[in-house]
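# Secondary and tertiary structure notes
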Amino acid sequence: WPRATSGRFIQTMSRGNGFLEKGDAGAALAAYLEALRLSPESTDVRLNLANAYLLDNRPADAVRMCRETLSLDHNSAAAYYLLGCAYLRQNQPEPAAQALQQSWKIDPTVPALDFQMGLAQMQLGQTTDAIRDFEEVVRAVPDHPSAHYQLSRLYREAGRDADAARELGKHQRILAASPRP
């Protein structure tokens, strides 16, 4: 963090991160907005704000933070990823797919990217592409229950009933083995 190495900035970011991890979007937003005042050029703060806005179900504000981040760092895979997630939350699959594709061009190694791209492809009605994306997710993260569930839906839609039943079974086994909160 360029100018962002002051003790107060680091404490404020850490406090915001703690709130974000606990799911307290309001407190995280307050901390990150304070951190942004302390270091107005920080892309890290903007990315954290985008995450907090998504947690707070404010995707338009997340889009704004991602755009600000990209104006400062055109090669931020994280900003493109979060931008795609924010567009998906607003039921805008075309710009979501474009943002996720740009993130993938910068860093293709993130399984969560394939999952979000699969969701965008589903919304666009691109069943074959969505299946490919979700298959990639379960190759990378075999116990990803949502990816197995989405695959079951897509396989059924594609007339692949045996594959759909297999994926639904995997989804149910993973959920059954997961500890309950």
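Everything numeric here is computed off the predicted structure, so don't read it as measured data.

Under the criterion given, the structure shown has 15 salt bridges. The partner of R64 in a salt bridge is E68, and the shortest N-O contact between them spans 3.7 Å. You can see R64 and its partner E68 sitting in helix α4 (residues 59–72), four residues apart, about one turn around the helix. In this structure, R166 engages E167 in a salt bridge whose closest nitrogen and oxygen atoms are separated by 3.0 Å. Residue class for R166 comes out partly exposed when judged on its relative accessible area of 36%. By relative accessible area, which is 3% here, E167 ends up buried.

Quick look at helix α3 (residues 43–55) now. With 13 residues, α3 should reach 18 Å at 1.5 Å per residue; the first-to-last C-alpha distance of 18 Å fits that figure. Along α3, the positions that sit buried rather than exposed are V45, R46, L47, N48, L49, A50, A52, Y53 and L54. Measuring from the side-chain oxygen of the N-cap residue of α3 to the backbone nitrogen of D44 gives 3.3 Å; that N-cap residue is S42. Where α3 ends, the next residue or the one after it, N57, has phi of about 60°, a positive value.

Grouped together as the largest cluster of nonpolar side chains are 35 residues, with contacts concentrated most on Y32, V45, L49, L82, L83 and L100. Of all the secondary-structure elements, those providing two or more residues to this core are α1 (7–22), α2 (25–38), α3, α4, α5 (77–89), α6 (93–106) and α7 (111–123). The dominant element in this core, judged by the number of residues it contributes, is α5, at nine residues. Aside from chain neighbours lying at most four places away, what touches L82 is L47, A50, N51, L54 and C66. Among the nonpolar cores identified, the runner-up in size contains 11 residues, and I131, L151, L154 and Y155 belong to it.

Let us look at the confidence of the model for the chain. Chain-level pLDDT for the chain is 93 on average; 97% of the residues reach the 70-or-more range. Mean pLDDT values over the elements of the chain span from 91, in α7, up to 98, in α4.

Conventions used here
Residues numbered from 1 in each chain as written. Predicted model: local features only at pLDDT ≥ 70, side-chain atom pairs only at ≥ 80, totals over all residues. Heavy atoms only, no water. Salt bridge = Lys/Arg side-chain N within 4 Å of Asp/Glu carboxyl O. Helix = DSSP H or I, 4+ residues; strand = E, 2+ residues; numbered from the N terminus. Buried < 20%, exposed > 50% of the residue type's maximum accessible area, 1.4 Å probe, protein only. Expected span 1.5 Å × (residues − 1). Polar contact = N/O pair within 3.5 Å; in protein donor to acceptor, adjacent residues only side chain to side chain. Core = buried A, V, L, I, M, F, W, Y, C linked by side-chain atoms within 4.5 Å. Contact = heavy atoms within 4.5 Å. pLDDT = per-residue confidence, 0-100.

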